[in-house]
Amino acid sequence: MSQLHAEVGIAQLSKDGEELCGDKVVLTQTPKGNIIVLSDGLGSGVKANILATLTTKIASSMLQRGIPLVDVVSTIADTLPVCQQRKIAYSTLHIIKISPAGLATIVEFDCPNSFLIRDGKVIPFPVEKKNISGKIVGVGVRQLRENDIVVAVSDGVIHAGVGGLLKLGWGWKGIAGQLRQICAQESSASYISEQIINCCQGYYLGLPGDDSTVVTVKLRKARRLTLLTGPPVNPADDREVVKRFMRKSGKKIVSGGTTANIVSRELGKSLLVDLSCYNEKIPPIAHVKGIDLVTEGILTLNAVLERINDSELVYVDKQFDGATLLTRMLLEADYIEIFAGKAVNPAHQNPNFPFEINIKSQVLSKLQAELQAKGKHVNIEWF
Amino acid sequence: MTMLKIEVCVGSACYLLGSQDLIEMIEGLPEDVKANIDLRGSSCLKACGKGPNVKINGELISGVTPDKLMEIIKYNIQRK
Ligand code: FES
């Protein structure tokens, strides 16, 4: 069975008049899977944001170290201050953990029930109530399949419209109905979250009465990509590196002129520079049969870093330069392997090279961090 | 009549040193002149420090400016 990937999409609204959202979501990856922690701090604004941030940070760093869920919950339940008047904890805790094989574990503490969407049906994710350190916590474990969707919302979403457009607010069932409609079409996790938040914004008549967060996790086949950039230090390794690169499944990208020449030579396939695809900052792309994309190296990678968080630049504009194409492919992949050659390019020692051009190792580690923050698994191998 | 083969290096170093200006210059030439030019890109002509580099009919020329390239084109095309 091919590995499943948990695609995560997050959308948020802050309470009207607040700059900071009192809900906090933290994504962490461990070899044992993805962990998503959502916390809703009591109230709104700075105080709520700090409480929620604390809760998510404690939970995710404990989980990352492999501390069992029960212990994590009891630590948080014990440390969380309790509001004297309302006798409830100052922040909620919602954990979704997905193993690489698709086993989902959900923990719900003082938060709305998660939604499970399978084959067009929306049901509450089954959880059992447990008493952990005197607090009632919902815990559920389920094996997920491809195309299953799990959605978690903060109570701002549940209460959308309360006392205004809707007497009792949108409610769990209302959201479930909306999810059924959205998920009837093939949609990405981010699209689902955004659609729910849009409705929520609508019910609040554009003036959200509470911080609102939607986290969608969608299980699908993992998409892989391998990026080869830079020649190996030792030219004797060229052949082996290209061989390993070609054996990788999924999309293949070569970034770097000299690297592209090596690949073309090793594969015995010609390298054709495409002069129709360039702009003043980014050199043209090239084509080698069997490789999905061939670009220039350092200038293109620097430009990718500028684009990676600029979805307008990447998707809206009709841009087809190497950096835009490369960014799109990276954003579509879940598992990214980077084969990075350490050979020093004499060209980059040129005094005419501008200072703002990041050197290769810097660019790659920044890129790795950006992609990981988007929930992707990124591995860099130097040779 | 044989075509004038121009290979412009568009590798990192040459690009920074202005090889895109060379391509733009050639693409802006009148159609009848362009008809005699076989323009290609190269990913690196292995003379990175001395760019922008261009190969004209197989011969490497370094430090090429648009003016210099224009002269070369004129010289070669008129000679035919
Ligand atoms: S980059 Fe032009 S010769 Fe190497």
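Residues numbered from 1 in each chain as written. Chains lettered and ligands numbered in written order. Predicted model: local features only at pLDDT ≥ 70, side-chain atom pairs only at ≥ 80, totals over all residues. Heavy atoms only, no water.

1. Observations regarding the pattern of salt bridges
Thinking step 1. Summed over the entire model, instances satisfying the criterion amount to 15 salt bridges over all chains.
Thinking step 2. With a closest N to O distance of 2.8 Å, Glu266 of chain A and Arg239 of chain A form a salt bridge. Placement of Glu266 of chain A in helix 7 (residues 257-267) and of Arg239 of chain A in helix 6 (residues 238-247) is noted, with a sequence separation of 27 residues between them.
Thinking step 3. When its relative accessible area of 21% is taken as the criterion, Glu266 of chain A is described as partly exposed.
Thinking step 4. Of the charged contacts in the structure, one is a salt bridge between Glu31 of chain B and Lys34 of chain B, with a shortest N-O distance of 3.5 Å. Of this pair, Glu31 of chain B and Lys34 of chain B both sit in helix 3 (residues 31-34), separated by three residues, roughly a single helical turn.
Thinking step 5. Of the residues examined, Glu31 of chain B reaches a relative accessible area of 59% and is grouped as exposed.
Thinking step 6. Accessibility expressed as a relative area gives 25% for Lys34 of chain B, which makes it partly exposed. (Salt bridge = Lys/Arg side-chain N within 4 Å of Asp/Glu carboxyl O. Helix = DSSP H or I, 4+ residues; strand = E, 2+ residues; numbered from the N terminus. Buried < 20%, exposed > 50% of the residue type's maximum accessible area, 1.4 Å probe, protein only.)

2. Some thoughts on the environment of Ile197 of chain A
Residue and element names in this part refer to chain A.
Thinking step 1. For Ile197, the position within the fold is in helix 5 (residues 189-203).
Thinking step 2. Classification of Ile197 as buried rests on a relative accessible area of 6%.
Thinking step 3. Between the C-alpha atoms of Ile197 and Ala11, which are 186 residues apart in sequence, the distance is 6.4 Å.
Thinking step 4. Apart from residues no more than four positions distant in its own chain, Ile197 is found in contact with Ala11, Gln12, Leu13, Ser212, Thr213 and Val214. (Contact = heavy atoms within 4.5 Å.)

3. Quick word on the sheet that holds strand 2 (residues 37-42) of chain B
All names here are of chain B.
Thinking step 1. Read from one edge of the open sheet, four strands run 2-1-3-4, paired in mixed fashion. At either margin of the open sheet sits one strand with a lone partner, and together these are strand 2 and strand 4 (59-61). Along the sheet, successive strands turn relative to each other by an average axial angle of 25°, direction set aside.
Thinking step 2. Note: strand 1 (residues 4-9) against strand 2, six bridges, orientation parallel. Pairing of Cys9 across the sheet is with Ser42, part of strand 2. (Pairing = 2+ DSSP bridges. Axes fitted to C-alpha atoms, helices over the stretch in contact; angles between N-to-C directions.)

4. Focus on the interface of chain A and chain B
Accessible area lost when the parts come together is the quantity often used to give the size of an interface.
Thinking step 1. The partner chain B presents 19 residues to the 23 residues of chain A that form the contact.
Thinking step 2. Counting the surface lost from both chain A and chain B, the interface buries some 1,600 Å², and carbon and sulfur atoms represent 65% of this.
Thinking step 3. The interface formed by chain A and chain B includes zero salt bridges.
Thinking step 4. Run the count over chain A and chain B and you get six residue pairs in polar contact (both at pLDDT 80 or more).
Thinking step 5. Residue assignment for the side of chain A that touches chain B shows that the elements contributing at least two residues are helix 7 and helix 8 (298-307) of chain A.
Thinking step 6. Along the lines of polarity and charge, the residues of the side of chain A that touches chain B split into twelve nonpolar, eight polar and three charged. (Buried area = accessible area lost by both parts, 1.4 Å probe. Polar contact = N/O pair within 3.5 Å; in protein donor to acceptor, adjacent residues only side chain to side chain. Nonpolar A, V, L, I, M, F, W, Y, C, P; charged D, E, K, R; others polar.)

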